[in-house]
Amino acid sequence: PGIQAIYIGDDISDEAAFRRLKGRAISILVTESETDTVSDYSLRDSEEVEEFLIRLVGWLNESDVSSGYH
């Protein structure tokens with residue numbers, strides 16, 4: 001409870017995982033091209049993935065501080 005999974009994939013074989021995780025995890029396709037996907041979000045490349053993860057950690061740390069968790 002309270003833990004959300006994030007699945008990040010970068011090729012067509014990840015679409016099966018995106019479908020199976022729909023509603024149970026956040027899915028992110030990494031691609032530089034327009035493509036049909038069942039993923040929830042997309043990022044362009046590994047640099048955007050890194051930026052997203054760094055920001056996510058920052059948001060989580062801010063949430064912990066504001067809620068009293070350390």
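Residues numbered from 1 in each chain as written. Predicted model: local features only at pLDDT ≥ 70, side-chain atom pairs only at ≥ 80, totals over all residues. Heavy atoms only, no water.

Participant: Where do I start with the sheet that holds strand β2 (residues 25-30) in this structure?
Facilitator: Reading across the sheet, the three strands line up as β1-β2-β3 and stay open at both edges, with parallel pairing between neighbours. Strands at the two margins of the open sheet, each flanked by one partner only, are β1 (5-9) and β3 (41-43). Geometrically, the sheet is characterised by an average inter-axis angle of 25 degrees between neighbouring strands, direction not taken into account. Relative to β3, β2 is paired through three bridges, and the arrangement is parallel. Residue pairing in the sheet places Leu29 in a bridge with Ser42 of β3. (Pairing = 2+ DSSP bridges. Helix = DSSP H or I, 4+ residues; strand = E, 2+ residues; numbered from the N terminus. Axes fitted to C-alpha atoms, helices over the stretch in contact; angles between N-to-C directions.)

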